[in-house]
Amino acid sequence: MNHWLILPILLPAVLGALLVVAARHDALLSRVFSVASCVLLLIVGLVLLGMASDGSIRVYALGDWVAPFGIVLVLDRLSALMLVLTALLGLGVLLYAVGGWDERGKHFHPLFQFQLMGLNGAFLTGDFFNLFVFFEILLIASYGLMVHGGGGLRVKAGVQYVVTNLVGSSLFLIAVGLIYSVTGTLNMADLALKVPQVPPADQALLQTGAVLLLLVFGVKAALVPLHFWLPGTYANAPGPVAALFAIMTKVGAYSIIRLYVLAFGEQAGEAAWLAAPWLLPAGLLTLVMGMTGVYAARSLGQMASFAVIGSMGMLLATVSVFTPQSLSAALYYLLHSTLAAAALFLVVDLVAERRGMLRDRLALAPRFAQGTLIAGLFFAAAIAMAGMPPLSGFLGKLLVLDAVRSHSQAVWFWALILSTSLIAIVGFARGGSLVFWKSHALETSAAASRRPAAVLPFVAVGGLLAALVVLTVAAGPVHAWLELAAAQIFAPSGYIEAVLGTAKGGQ
Amino acid sequence: MEFLIATAIGAMTAAGIYLVLRARTFPVIIGLSLLTYATNLFLFATGRLAVNLPPVISGEAVAYTDPLPQALVLTAIVISFGMTAVIVVMALRAYFETGNDHVDLPGEASPEAREDDWKLLGRKQGDGPRQSVVEERA
């Protein structure tokens, strides 16, 4: 058996525990361990990506229990891609945090590792109760990270976040129970085989379960009308944590892509393409809501949060078309929007750090230290987030617009995507000019501008933006690879054979 | 028995949803607990209700009940127990930091109102934890 598959889960789990026990009082040691873990995760991710690139699907049966009775980890192109994205983002955010920010509260590094463990597990697992467990792991870690550094407002926002997600978890369990009660399986590949065989009398239960599950993933992915938790959480979470959370919404999107093509896709009989009629209008509505929110925001943090909602809307609306072409466009946009959102949140944190009591609020204030450099970074991140040329957001939008051209609702896609882009651009321009540009008109230059800055935060933001540039320059090969990944998703028989074929081999 | 279980699940869910929508943290937490109880019962019932049937292999068994939902419920109970502990601690911390136990953020209506709220509390909206709390924990 190929033991590489378990490493992305095992490595952060072991290191996280080690950090709690051994490196609790030693800031340097925990930083070294944490960064080393992230670098290793990136290397493991790249190795797995290399393995997955040959087009075969690898299965890891935990404890050597054969599927569908045991839990399996499954590595295909999509999960390998998500692993690399997680590791890349994790490394960027961690570099930002070890610039001194991580000392504001305790246990940042162990929580960070457990968060990565939950994310990697969610991307790898082939069992949907196990998916629930990994969701809980990443959520528990995120609760800790969300209130890192404390402060009344932040803890309050944290309580709201926890309540929302606990209700979401209950719904998840009910959905899992409903689906299990009519199919008798928890394995995703086995589910894909059992769903078409569900008798008509049980269809109502099955479809209720599936739609409830969509609701749960919608909560994670901040799909309108389930997005309400996101602005409060992200805008009040510390900057680096909000940047890491940029991938959390994508876990919801990933789960929708995985489950609703595999189990409720073409072969699902009566339940075929169950998600599409809900996802399409909700996605477009999310896009409008998010980008309008960018325009209406009162602080840069809120602006970035609404930009995340908008990008999720765009992503999910594109996914809901459910064609290989649209999925590859959506995946390209997913890569882009994760990195861009993270960069934007980090820049917002750089601003908030330097403006004293005013934090990141959209109000006139004197110039601050390294203002010019940060303004440049904000400009780049905002261009990326709004989807303007020359960065990858523009290419992502082009791909999406091209992919939906023959869809029956193409008019809506084109009209809404183009008009919301304009709104977002105006919103970002308004925020940027108020915070960076107009401050030059004020006579009083803050004395703090002499303050030496930590280098690492800038390296981290620059690194994330550089990743966007790479994504733009290498758009051709990346998109070709993503097309193969999408084709693999839309051929579920390969996945099912890979998972359940091992069962036959084991007997 | 079906009627009893179904009623119990329904009643607990209804009460749970009502309490979760309350404005203060204590009823919300109770509501969450009720919701998780209802969920656990529901999960248990997905293996079909059966009386006097063993879930594991036994010599004199005539039939078996589905053991998997029971395992799922165990996992769910452990997770929900941990989660309840987390949210109780966070709610307490929020109460001590801000002086009230409202679920809503202070002055979500407007930034001015938020400012007033902070003034009323007599505290600055800061980023780091208060020194006393850090010292207590160290």
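Chain B has the name Na+/H+ antiporter subunit C in an unreviewed UniProt entry, where Pseudothauera lacus is given as its organism. Check the Subcellular location (unreviewed entry) section of the UniProt entry for chain B; it says "Cell membrane". Regarding chain B, the UniProt comment filed under Sequence similarities (unreviewed entry) reads as follows: "Belongs to the CPA3 antiporters (TC 2.A.63) subunit C family."

Per an unreviewed UniProt entry, chain A is named Monovalent cation/H+ antiporter subunit D, and its organism is Pseudothauera lacus. Recorded under Sequence similarities (unreviewed entry), the UniProt text for chain A is reproduced unchanged: "Belongs to the CPA3 antiporters (TC 2.A.63) subunit D family."

In this section: unusual backbone geometry. Note the cis peptide between Ala67(A) and Pro68(A), where omega equals 5°. For Pro68(A), the position within the fold is in the loop between strand S1 (58–61) and strand S2 (72–75). Along the chain, Pro389(A) connects to Pro390(A) via a cis peptide bond; the corresponding omega equals 10°. Of note, Pro390(A) is situated in the loop between helix H15 (371–386) and helix H16 (392–403). Even without glycine at this site, Arg359(A) takes up a positive phi of about 50°. Counting through the fold element by element, Arg359(A) comes out in the loop between helix H14 (324–354) and H15. Judged by relative accessible area, Arg359(A) falls into the partly exposed class, the value being 24%. Despite not being glycine, Asn52(B) has its phi angle at roughly 60°, a positive value. In this structure, Asn52(B) sits in the loop between helix H2 (25–45) and helix H3 (68–98). What makes Asn52(B) exposed here is its relative accessible area of 76%.

Take the interface of chain A and chain B next. On the side of chain B, 46 residues touch chain A, which itself brings 39 residues to the contact. Interface of chain A and chain B: buried area, both sides summed, is about 3,800 Å²; carbon and sulfur atoms make up 71% of it. One can count seven residue pairs in polar contact (both at pLDDT 80 or more) joining chain A with chain B. Among the elements that line the side of chain A that touches chain B, the one with the most residues is helix H6 (residues 152–183) of chain A, at 20 residues. Partitioning the side of chain A that touches chain B into residue classes produces 20 nonpolar, 10 polar and nine charged.

Our next topic: the pattern of salt bridges. All names here are of chain A. Taken as a whole and judged by the stated rule, the model has nine salt bridges over all chains. For the salt bridge of Asp102 with Arg31, the shortest nitrogen-to-oxygen distance reads 2.9 Å. With Asp102 in the loop between helix H3 (77–97) and helix H4 (108–124) and Arg31 in helix H2 (residues 27–52), the pair connects residues that are 71 residues apart, well separated along the chain. We note that Asp102, like Arg31, is buried. Glu353 serves as the salt-bridge partner of Arg104, at 2.7 Å between the closest nitrogen and oxygen. Taken together, the residues span a long stretch of sequence, with Arg104 in the loop between H3 and H4 and Glu353 in helix H14 at a distance of 249 residues. Judged by relative accessible area, Arg104 falls into the partly exposed class, the value being 26%. Overlapping salt bridges bring together Arg31, Asp102 and Glu103 as one network.

Attention now moves to the packing of aromatic side chains. Residues and elements named next belong to chain A. Counted by the stated rule, this structure contains 21 aromatic pairs over all chains. Seen from the ring of Trp481, Arg77 lies directly overhead, with NZ or CZ sitting 5.5 Å from the centre. Directly above the aromatic system of Tyr295 lies the positively charged group of Arg430, at a separation of 5.6 Å from the ring centroid.

On to H2(A), then. Residues that lie three or four places apart on an α-helix share one face, since the helix turns once every 3.6 residues. In this model H2(A) runs 37 Å from its N-terminal to its C-terminal C-alpha over 26 residues, within 8% of the 38 Å that 1.5 Å per residue would give. The N-cap residue of H2(A) is Asp26(A): its side-chain oxygen and the backbone nitrogen of Leu28(A) are 3.2 Å apart.

All right, on to the nonpolar core then. All names here are of chain A. Tyr260, Phe264 and Phe428 are the most contacted members of the largest nonpolar core, which has 224 residues in total. The element contributing the most residues to this core is H14, with 20 residues. Residues within four places of Phe264 in sequence aside, it is in contact with Ile179, Leu191, Val195, Leu206, Ala210, Leu259, Ala271, Ala272, Trp273 and Leu274.

Let us now look at the packing of H6(A) against H3(B). Geometry of a packed helix pair, given as the angle between the helix axes and the separation of the axes. Relative to each other, H6(A) and H3(B) sit at 165°, their axes nearing to 9 Å. Classified by the interaxial angle, the pair formed by H6(A) and H3(B) is roughly antiparallel. Helix-helix and strand crossings are classified by hand; for H6(A) and H3(B) the assignment is left-handed. Residues Gly152(A), Leu153(A), Val155(A), Lys156(A), Gly158(A), Val159(A), Val162(A), Val163(A), Leu166(A), Leu173(A) and Tyr180(A) of H6(A) form the contact with H3(B), whose participating residues are Leu68(B), Pro69(B), Ala76(B), Met83(B), Ile87(B), Met90(B), Ala91(B), Arg93(B), Ala94(B), Glu97(B) and Thr98(B). Of the residues belonging to the contact of H6(A) with H3(B), the class tally is 16 nonpolar, three polar and three charged.

We now examine a nonpolar patch on the surface. All names here are of chain B. On the surface, Val88, Leu92, Tyr95 and Phe96 cluster together to form a nonpolar patch covering roughly 370 Å² of accessible area. Its place among the elements puts Tyr95 in helix H3. Taking relative accessible area as the criterion, Tyr95 reaches 39% and is therefore assigned partly exposed.

So, on to the confidence of the model for chain B. Residue and element names in this part refer to chain B. Per-chain confidence: chain B averages 81 in pLDDT, with 76% of residues scoring 70 or above. Model confidence for chain B, summarised as mean pLDDT per element, is weakest for helix H5 (residues 131–137) at 42 and strongest for helix H1 (residues 2–20) at 95. Counted against residues more than four places away or in other chains, residues 125–138, with its pLDDT under 50, gives 24 contacts.

Residue and element names in this part refer to chain A. Checked against the element boundaries, Asn187 lands in the loop between H6 and helix H7 (188–194). In this structure the side chain of Asn187 is engaged in a polar contact, spanning 3.2 Å, whose partner is the backbone nitrogen of Asp190. Among all residues touching Asn187, those that are not within four sequence positions of it are Ala67, Pro68, Gly70, Val72, Gly126, Asp127 and Val499.

Rules used throughout
- Residues numbered from 1 in each chain as written.
- Chains lettered and ligands numbered in written order.
- Predicted model: local features only at pLDDT ≥ 70, side-chain atom pairs only at ≥ 80, totals over all residues.
- Heavy atoms only, no water.
- UniProt positions renumbered as here; feature names shortened; annotations may be inferred.
- Helix = DSSP H or I, 4+ residues; strand = E, 2+ residues; numbered from the N terminus.
- Buried < 20%, exposed > 50% of the residue type's maximum accessible area, 1.4 Å probe, protein only.
- Contact = heavy atoms within 4.5 Å.
- Buried area = accessible area lost by both parts, 1.4 Å probe.
- Polar contact = N/O pair within 3.5 Å; in protein donor to acceptor, adjacent residues only side chain to side chain.
- Nonpolar A, V, L, I, M, F, W, Y, C, P; charged D, E, K, R; others polar.
- Salt bridge = Lys/Arg side-chain N within 4 Å of Asp/Glu carboxyl O.
- Phe/Tyr/Trp six-rings, centres within 6.5 Å; stacked < 30°, edge-to-face > 60°.
- Lys NZ or Arg CZ within 6 Å of the ring centre and 35° of its normal.
- Expected span 1.5 Å × (residues − 1).
- Core = buried A, V, L, I, M, F, W, Y, C linked by side-chain atoms within 4.5 Å.
- Axes fitted to C-alpha atoms, helices over the stretch in contact; angles between N-to-C directions.
- Parallel < 35°, antiparallel > 145°, perpendicular 65-115°, else oblique.
- Left-handed = near helix turned anticlockwise from the far one by under 90°.
- Patch = residues over 30% accessible without salt bridge, like charges linked within 9 Å, V, L, I, M, F, W, Y side chains within 5 Å.
- Areas by Shrake-Rupley, 256 points an atom, 1.4 Å probe, with all protein chains shown as cover.
- pLDDT = per-residue confidence, 0-100.

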